[in-house]
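The chain contents come next:
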Amino acid sequence: MDFHLTEEQKMTQKMARDFAEKELKPRAAEIDATGIHPLPALKAMAELGMMGMNIPAEYGGSQAGVVSYSLAMTEISKACAATAVTMSVTNMVAEVINAFGNEEAKSAHIPKICSGEYSCGAFALTESTAGSDPASMKSSAKLKGDHYVLNGSKTFITSAEHAGVLVVWAKTDKAAAAKGISAFLVGKGHPGFIVGRHEEKMGQRGSPVNEIIMENCCLPRGSLLGQEGDGFKIAMMALDGGRIGIGSMAVGIGLAAIEYATEYAKNRIQFDQPIASFQAIQWMIADSFTELEAARLLVLRASFLKEKGQRFTREASMGKLFAAETANRVCYKALQMLGGYGYMKEYPLERYTRDCRVTTIYEGTSEIQRLVIAREILGLK
Ligand code: CAA
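Student: What's the story with the pattern of salt bridges in this structure? I'm lost.
Tutor: Two side chains bearing opposite charge may form a pair once their charged atoms approach each other closely. Tallied over the full model, the rule gives 21 salt bridges. With its nearest N and O atoms 2.8 Å apart, the salt bridge here joins Lys266 to Glu263. Placement of both Lys266 and Glu263 in helix 7 (residues 231–267) is noted, with a separation of 3 residues, approximately one turn of the helix. Where Glu291 meets Arg329, a salt bridge forms, and the shortest distance between an N and an O atom there is 2.8 Å. Placement of Glu291 in helix 8 (residues 279–307) and of Arg329 in helix 9 (residues 313–337) is noted, with a sequence separation of 38 residues between them. Through salt bridges that share partners, Asp32, Lys345, Glu350 and Arg354 make up one connected network.

Student: Mind showing me how you'd approach the nonpolar core here?
Tutor: Soluble globular proteins tend to pack their nonpolar side chains together in the buried interior. Core analysis: the biggest nonpolar cluster contains 90 residues, and Met50, Ile76, Met87, Phe123 and Trp169 have the highest contact counts within it. Here this core gets 17 residues from one element, more than from any other, and that element is helix 7. Apart from the residues lying within four places of it in its own chain, the contact partners of Met87 are Met45, Met50, Met51, Met53, Tyr69, Ala72, Met73 and Ile76. Formed by 19 residues, the second largest nonpolar core is a distinct cluster that contains Ala124, Ala141, Val186 and Ile212.

Student: Which parts of the structure should I look at to understand the domain arrangement of the protein chain?
Tutor: Interfaces are often sized by the amount of accessible area the parts lose when they come together. If you check the domain split of the protein chain, you get domain 1 (7–120), domain 2 (122–228) and domain 3 (232–378). Its C-alpha centre places domain 2 at a distance of 30 Å from the equivalent point of domain 3. The interface of domain 2 with domain 3 comprises 15 residues on the first partner and 15 residues on the second. Around 1,100 Å² of area is buried between domain 2 and domain 3 when both sides are counted, 70% of it from carbon and sulfur atoms.

Student: Can you help me understand helix 11 (residues 366–378) in this one?
Tutor: The end-to-end C-alpha separation of helix 11 is 18 Å, in line with the 18 Å expected for 13 residues at 1.5 Å each. Residues of helix 11 that are buried include every one of Ser366, Ile368, Gln369, Val372 and Ile373, and no others. One side of helix 11 holds all its buried residues, which, seen down the axis, span an arc of 160°. Opposite the packed face of helix 11, turned more than 90 degrees from it, sit the exposed residues Glu367 and Leu378.

Student: Please explain the layout of surface pockets as it appears in this structure.
Tutor: One simple way to see leftover space: roll a probe sized like a water molecule over the atoms. Empty space within the second largest pocket amounts to approximately 570 Å³. Of all the secondary structure elements, the ones that give two or more residues to the lining of the second largest pocket are helix 1 (7–24), helix 4 (66–79) and helix 8. The leading source of residues in the lining of the second largest pocket is helix 8, at 6 residues. Class assignment of the residues belonging to the lining of the second largest pocket gives a composition of 8 nonpolar, 4 polar and 6 charged. When residues of the lining of the second largest pocket are sorted by domain, at least three fall in each of domain 1 (7–120) and domain 3 (232–378).

Student: Whenever I open this one, the packing of helix 3 (residues 39–47) against helix 6 (residues 103–115) confuses me. Can you help?
Tutor: For any two helices packed against each other, the geometry is given by the interaxial angle and the distance between the axes. At their nearest, the axes of helix 3 and helix 6 sit 6 Å apart, and the two run at 105° to each other. Considering their axes alone, helix 3 and helix 6 lie roughly perpendicular with respect to each other. In this structure, helix 3 contributes Lys43, Ala46 and Glu47 to the contact, and helix 6 contributes Ile113, Cys114 and Ser115. Broken down by class, the residue content of the contact of helix 3 with helix 6 amounts to 3 nonpolar, 1 polar and 2 charged.

Student: Before we go on, may I ask you to explain the environment of Arg354 in this structure?
Tutor: Looking at where Arg354 falls in the secondary structure, it is placed in helix 10 (residues 349–357). A relative accessible area of 14% places Arg354 in the buried class. Only 2.8 Å separates the side chain of Arg354 from the side chain of Glu350, close enough to count as a polar contact.

Student: Can you walk me through the site of the ligand in this structure?
Tutor: Near the ligand lie 25 residues; those nearest to it are Ser132, Lys179, Lys233, Glu363 and Arg375. Within the side chain of Asp240, a nitrogen or oxygen atom sits 2.9 Å from a nitrogen atom of the ligand. Interatomic distance of 2.9 Å between a side-chain N/O atom of Arg243 and an oxygen atom of the ligand. Burial of the ligand by the protein chains amounts to 77% of its free accessible area of 1,100 Å². The set of elements that each furnish at least two residues to the shell around the ligand consists of helix 5 (81–100), helix 7 and helix 11. With 7 residues, the top contributor of residues to the shell around the ligand is helix 7. Residue composition of the shell around the ligand, by class: 12 nonpolar, 6 polar and 7 charged.

Rules and cut-offs
Residue numbers here run from 1 along each chain, matching the order of that chain's written sequence. Where totals are concerned, whole chains, interfaces and linings use all residues; where local detail is concerned, this predicted model gives features only for residues with pLDDT of at least 70, and gives and counts side-chain atom pairs only at 80 or more. Each side-chain value is derived from all of the structure's non-hydrogen atoms; neither hydrogens nor water enter the calculation. The working definition used for a salt bridge is a side-chain nitrogen of Lys or Arg within 4 Å of a carboxyl oxygen of Asp or Glu. Only DSSP runs of H or I with at least four residues qualify as helices, and only runs of E with at least two residues qualify as strands; both kinds are numbered from the N terminus onward. In these notes, a set of buried Ala, Val, Leu, Ile, Met, Phe, Trp, Tyr and Cys residues joined through side-chain atoms within 4.5 Å is what counts as a nonpolar core. The cut-offs for exposure are 20% and 50% of the maximum accessible area for each residue type, with area from a 1.4 Å probe on protein chains only; residues under the lower value are buried, those over the upper are exposed, and the others partly exposed. Any two residues whose heavy atoms approach within 4.5 Å are treated as being in contact. Domain limits in this description derive from either an automatic procedure or a database domain assignment. Buried surface area refers to the total accessible area, computed with a probe of radius 1.4 Å, that the two partners give up upon joining, counted for both partners together. In this scheme, a helix's expected span is set at 1.5 Å multiplied by one less than its residue total. Summarising the geometry, the arc corresponds to the directions from the helix axis toward the C-beta atoms. Two kinds of site are reported from a 1 Å grid over the protein atoms alone, namely cavities, where a 1.4 Å probe fits but cannot get out, and pockets, open sets with protein on both sides within 12 Å along at least five of seven lines, and residues are called lining when an atom falls within 4 Å of a point. Grid points are joined across faces, edges and corners, and a volume is the space filled by probe spheres set on the points. Only Asp, Glu, Lys and Arg are considered charged in this grouping, and only Ala, Val, Leu, Ile, Met, Phe, Trp, Tyr, Cys and Pro are considered nonpolar; every other residue, Gly among them, is considered polar. Every axis in this analysis is a line fitted to C-alpha atoms, fitted for helices over the stretch in contact. Angles between the N-to-C directions lie between 0 and 180 degrees. Working definition: roughly parallel below 35 degrees, roughly antiparallel above 145 degrees, roughly perpendicular at 65 to 115 degrees, and oblique for all remaining angles. Here a polar contact is taken to be a pair of N or O atoms separated by no more than 3.5 Å, where protein atoms must pair a possible hydrogen donor with a possible acceptor and residues adjacent in sequence count only if both atoms sit in side chains. Residues are classed as near a molecule or strand on a simple rule: at least one heavy atom within 4 Å of it. Methods summary: accessible areas were calculated by the Shrake-Rupley approach with a probe of 1.4 Å, and residue burial reflects only the protein chains presented.

See the structure below:
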């Protein structure tokens, strides 16, 4: 057992931290206020190797590994969670194509994701009536000659309006629940693939979320990822990895909040002394750093297992569950430490709190993570 990071991992962490401090942190409030997707920053991140961190060099990836990816995600999230979620989904999409795409799809799309030629990728699984239960999706894909014809709609799709390539799921066999789902690749602007409404969100406002409408969207047969009926497993495997990204993000937002509040507490004078000298504040600081460290270690353990090619479904769900719940508690306490100032837009605590909220919801709610963990422990699946 070795808790030390390698020199390469430390270098990646430092590179991401330096970038985040210089390029993202000063703009995060403006990104939140305007809701404008930080496209130039995404391009710069791709150039630094952050958009294909588990992708082989032959497709333009940086091959930094899963632990480095987790460390970088945490650093980016400390500065701007909206940018971080784009990074997370884009890495997930690159990995899906790398694992399940044919050679043509890999060489057509992955280098463009890694280089930043595509601003980002998107993962179109959720539907308005199929969120926690994606197996109940209604979108359909019918094979006609050499093409699949897709019809249906998707909801809450992160980055859909900017994505160069999207993975989209639809049923090739309506009668077959999970086993009837297939996954496809769709390029930006494909006829019949319409990016619809831009949702107004509580947090992570610089990360656009759209609906998608598919109207007789005709895709060549080669757009299929894996085999017909593999789609559900592809989604689940991708989400295992995605949950490492969201857990790493939650750790980053929580750290940003408590580090800010701790500095504040050292300088805020009440009753003739810094509020950090009061035990009530000290306990908030102690509990928050302790729980975030535990969350960080859980997420890094899942990252380590994935990097070693071992099963990590349970560990990724544990990491995501614990990190997301912890970070929300930490944001609550950190905002409380600032009192009335915590509630004001002039300070970043209200943004951290809003940005953090969704980490217990997307890529599987906390309730779904508990379901996955319990099934794994009880051997129910
Ligand atoms: N890896 C590989 N295969 C898996 C798997 C995994 N982690 N989990 C399940 N499977 C397989 C099962 O083994 C099973 O295969 P067999 O039939 O061959 O045995 C098949 O998939 C079906 O599994 P289940 O019967 O367990 O499926 P289920 O319908 O009961 O659902 C679930 C399981 C865990 C609840 C799943 O539906 C789930 O994870 N739901 C949450 C969905 C989610 O996370 N959505 C996020 C949307 S994307 C997003 O949020 C991105 C963003 O915005 C940032």
